[in-house]
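Residues per chain, in single letters:
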Amino acid sequence: MIVAMQERATEEQIDAVIDAMVESGVNVHRTTGASQTILAGVGPTTGLDLRKFELLSGVLYVHRITAPYKLAGRAFRPEGTVVEFPNGARIGGEQVAIIAGPCAIENRDQIFTIAACVKAAGGGFLRGGAYKPRSSPYAFQGLGIPGLELMHEAAEANGLLTVSEVMEIAQIEPMLPYVDCFQVGARNMQNFNLLRELGLVRKPVLLKRGMSANIEELLLSSEYILAGGNYDVILCERGIRTYETSTRNTMDIAAIPVVHKLSHLPMVADPSHGTGRRDMVPPMAKAAVAAGADAIMVEIHPNADKAASDAAQTLYLDQFEKLVGELRVIATAVGRTL
Ligand code: PEP
Ligand code: MN
């Protein structure tokens, strides 16, 4: 950490700051310039709340120079993490993965039709919510375990893996036989108890960025899972809330290279929730692959307009097939496969 003192800071103020830093367990290196004193603190600052130094008199600003997350940081695994699934599928390697499926599992016919389409397009992962975090308690809440049974069956029949959202700790155990990857939704990105529990599970977790979360907060949330010993964490950009109203959320494409710079974890892009509009999903999916996304997750449905949830952002199956073809071209252009 770096503490920059104000130009007219007194020796007493500087000494008080040095004492506070030493008390917190950091070694202090003082540089006294012509007009300003800089205190460099070296040591374990990970859990320190730097605001306590900012509030001391005579302090101009305090700056953290090491990341507050350790296991999620790029330095922990400079070569990058590749999450491997039991059937050999991977997220985070050279190949861009495709995760597609309905917002919610609705019935047998729906999920089997979609699974066959995902497979035919070359996708490896079938997504579908059985526990839906809906803004209204009166909206369709998902089929629960019977829905997961259907999705698991449809995935097995087509050699796909399943991804589904877990909303609370009590759902983890019953979901285990049916999901290959747990999804933590935007609304639960800071449900730290759930994250801790998922750290003890030995199945990959796809952690979505909260709609008002910055990238550091996303990485700190992933740290909860990693700290439990579950290193198979996949991050996901799904759009954030801004003042823009043309799209449901603002798809932060820049988050993809930022995460790749700061962390070794794979980064997925979800342009369905990122835009909330069917017509905007393909351009943002293409931008995400160009920006280095390790997987694209999209919502698809044979009757997209009639989907029980998120209909407006759901692609028709033919749109999805066309999109995957285009993504393949872009993946090749940026040195990836699909
Ligand atoms: C979803 O994937 O269907 C979902 C609810 O996503 P999010 O948590 O990003 O809103
Ligand atoms: Mn959805």
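Each value, and the rule that gives it
Here the residue numbers are simple positions, counted from 1 along each chain's written sequence. As they are written, the chains are lettered A onward and the ligands numbered 1 onward, keeping that order. Residues qualify for local features only when their pLDDT is at least 70, as the model is predicted, and side-chain atom pairs are given and counted only at 80 or more; totals for whole chains, interfaces and linings, by contrast, use all residues. The side-chain figures draw on all heavy atoms in the structure; neither hydrogens nor water molecules are used. Strands are runs of DSSP state E lasting at least two residues, helices are runs of H or I lasting at least four, and both sets are numbered from the N terminus onward. Think of it in three bands: with a 1.4 Å probe and only protein chains considered, a residue is buried below 20% of the maximum accessible area for its type, exposed above 50%, and partly exposed in between. In what follows, a contact means two residues having at least one pair of non-hydrogen atoms within 4.5 Å. Every accessible area reported is derived by Shrake-Rupley at a probe size of 1.4 Å, with residue values counting cover from the shown protein chains alone. Neither His nor the chain ends is counted toward charge; the positive residues are Lys and Arg and the negative residues Asp and Glu. Lys charges are placed at NZ, Arg charges at CZ, Asp charges at CG and Glu charges at CD. Fitted lines through C-alpha atoms serve as axes, helices being fitted only where they are in contact, and the angles separating the N-to-C directions of these axes extend from 0 to 180 degrees. By definition in this entry, angles of less than 35 degrees are roughly parallel, angles greater than 145 are roughly antiparallel, angles of 65 to 115 are roughly perpendicular, and the rest are oblique. Throughout, a crossing is termed right-handed when the near helix is turned clockwise from the far one, and left-handed when it is turned anticlockwise from it by less than a right angle. Under the convention adopted here, Pro, Cys and the residues Ala, Val, Leu, Ile, Met, Phe, Trp and Tyr are nonpolar, Asp, Glu, Lys and Arg are charged, and Gly plus all remaining residues are polar. Coordinating donors are taken to be N, O and S atoms lying within 2.8 Å of the metal, or within 3.2 Å when the metal is Na, K or Ca; because water is excluded from the atom set, some sites may appear incomplete. Each helix should span, by expectation, one fewer than its residue count multiplied by 1.5 Å. A 3.5 Å cut-off defines polar contacts: any pair of N or O atoms within that distance qualifies, except that in protein one atom must be a possible hydrogen donor and the other a possible acceptor, and neighbouring residues in sequence count only when both atoms are side-chain atoms. For every domain, the bounds stem from an assignment made automatically or drawn from a database. Only heavy atoms are used to decide nearness, and a residue is near a molecule or strand if one of them lies within 4 Å of it. Think of a 1 Å grid over the protein atoms and nothing else: a 1.4 Å probe that fits but is trapped marks a cavity, an open set flanked by protein within 12 Å on at least five of seven lines marks a pocket, and residues with an atom within 4 Å of a point count as lining. Just a note on the criterion: a molecule sits in a pocket or cavity if more than half of its atoms are within 2 Å of the grid points. The pairing criterion for strands is at least two bridges between them, as found by DSSP. Grid points are joined across faces, edges and corners, and a volume is the space filled by probe spheres set on the points. Residues grouped as a nonpolar core are buried Ala, Val, Leu, Ile, Met, Phe, Trp, Tyr and Cys residues, joined through side-chain atoms within 4.5 Å. In this scheme Phe, Tyr and Trp rings, the latter by its six-membered ring, pair at centre separations within 6.5 Å, and the angle between planes marks the pair as stacked below 30 degrees, edge-to-face above 60, and tilted otherwise.

S.K.: Outline the overall build of the protein, supporting the account with residue identities and numerical values.
M.R.: Check the secondary structure of the protein and you find 11 helices and 14 strands. Taking the principal axes of the C-alpha coordinates as reference, the protein spans close to 75 × 40 × 40 Å. When the 338 residues of the protein are sorted by exposure, 51% land in the buried category. Taking contacts inside the protein between residues at least 6 apart in sequence as the whole, the part at least 24 apart equals 67%. In the structure as shown, the protein presents an accessible area of about 14,800 Å², 53% of it carried by carbon and sulfur atoms. Where the 31 positive side-chain charges of the protein centre and where its 37 negative ones centre are 3 Å apart.

S.K.: How would you sum up the packing of helix 10 (residues 281–290) against helix 11 (residues 317–333)? Please name residues and give values.
M.R.: Contact geometry for helix 10 and helix 11: axes closest at 9 Å, N-to-C directions at 25°. Classed by the angle they form, the pair helix 10 and helix 11 counts as roughly parallel. Relative to helix 11, the crossing made by helix 10 is right-handed. On the side of helix 10, the interface is formed by P282, A285, K286, V289 and A290, while helix 11 contributes L323, E326, L327, I330 and A331. In the contact of helix 10 with helix 11, the residues fall into eight nonpolar, no polar and two charged.

S.K.: Requested: an account of the coordination of the manganese ion (ligand 2), with residues and values cited.
M.R.: For the manganese ion (ligand 2), the full set of protein donor atoms is C103 (SG), H273 (NE2), E299 (OE) and D310 (OD), at a range of 2.0 to 2.4 Å. The sequence motif formed by the donor residues of the manganese ion (ligand 2) is C-x169-H-x25-E-x10-D. One end of the pair, C103, is in the loop between strand 7 (97–101) and helix 3 (108–121); the other, H273, is in helix 9 (residues 271–275), with 170 residues separating them in the sequence. The class of C103 is buried, set by a relative accessible area of 5%. H273 gets classed as buried once you look at its relative accessible area, which sits at 8%.

S.K.: Describe in detail helix 7 (residues 215–227), supporting the description with residues and values.
M.R.: Counted at 1.5 Å a residue, the expected span for helix 7 with its 13 residues is 18 Å, and the 18 Å between its end C-alpha atoms agrees. Here helix 7 has its buried residues at I215, L218, L219, S221, S222, E223, I225 and L226. In this fold, the buried residues of helix 7 make contact with helix 6 (192–198), strand 11 (205–208), strand 12 (233–237) and helix 8 (255–262). One side-chain oxygen of the residue at the start of helix 7 lies 3.2 Å from the amide nitrogen of E216, identifying that residue as N214. Where helix 7 ends, the next residue or the one after it, G229, has phi of about 100°, a positive value.

S.K.: Which residues make up the domain arrangement of the protein, and what values do they have?
M.R.: When the parts of a complex come together, some accessible area is lost, and that lost area is often taken as the interface size. On domain assignment, one finds that the protein holds domain 1 (2–66) and domain 2 (83–333). On a C-alpha basis, the centroid separation for the pair domain 1 and domain 2 is 43 Å.

S.K.: Please set out the site of ligand 1 residue by residue, giving values where relevant.
M.R.: Looking at ligand 1, there are 13 residues lining it, with R127, K132, A186, K208 and R238 nearest. The side chain of R127 places a nitrogen or oxygen atom 2.7 Å from an oxygen atom of ligand 1. Here K132 contributes a side-chain N or O atom positioned 2.9 Å from an oxygen atom of ligand 1. Contact with the protein chains hides 97% of the accessible area of ligand 1, taken as 290 Å² for the molecule alone. Counting atoms within 2 Å of the grid points, the majority share of ligand 1 lands in the largest pocket. Looking at the shell around ligand 1, its residues break down into three nonpolar, three polar and seven charged.

S.K.: Quick rundown of the sheet that holds strand 14 (residues 295–299)? Include the residues and the values.
M.R.: In spatial order, the strands read 7-8-9-10-11-12-13-14; together these eight strands close into a barrel with parallel pairing. The sheet shows a mean angle of 25° between the axes of neighbouring strands, direction not considered. Note: strand 8 (residues 125–127) against strand 9 (residues 161–165), three bridges, orientation parallel. Along strand 9, the bridge assignment pairs L126 with T162. Each of strand 8 and strand 9 touches helix 4 (residues 145–157); the most contacted strand, strand 9, lies at about 155° to it.

S.K.: Outline empty space enclosed by the protein, supporting the account with residue identities and numerical values.
M.R.: Scanning the entire structure with this criterion turns up one cavity of 30 Å³ or more. Taken as a whole, the largest cavity spans an internal volume of roughly 30 Å³. Forming the boundary of the largest cavity are C103, R127, G128, G129, K132, V163, S164, E165 and Q183. Considering every element that reaches the lining of the largest cavity, the biggest residue donor is strand 9, with three residues. In terms of residue class, the lining of the largest cavity is built from two nonpolar, four polar and three charged.

S.K.: So what's going on with the nonpolar core? Residues and values would help.
M.R.: Formed by 68 residues in total, the largest nonpolar core has its most connected members in L126, I296, I300 and F320. With residues up to four places along the chain from it excluded, the contact list for F320 reads I98, A100, C117, V118, A121, V298, I300 and L315. Formed by 16 residues, the second largest nonpolar core is a distinct cluster that contains V3, A9, L39 and V62.

S.K.: Help me get a handle on the packing of aromatic side chains, residues and values and all.
M.R.: Within the structure shown, the criterion is met by three aromatic pairs. Here the aromatic rings of F85 and F125 are separated by 4.9 Å at their centres, their planes lie at 70°, and the arrangement is edge-to-face. Remark: F125 occurs in strand 8 and F85 occurs in the loop between strand 5 (83–84) and strand 6 (90–91); sequence separation between them is 40 residues. On the basis of an interplanar angle of 25° and a centroid distance of 4.6 Å, the ring pair of F192 and Y224 is categorised as stacked. In this pair, F192 is assigned in helix 6 and Y224 in helix 7, connecting sequence segments 32 residues apart.

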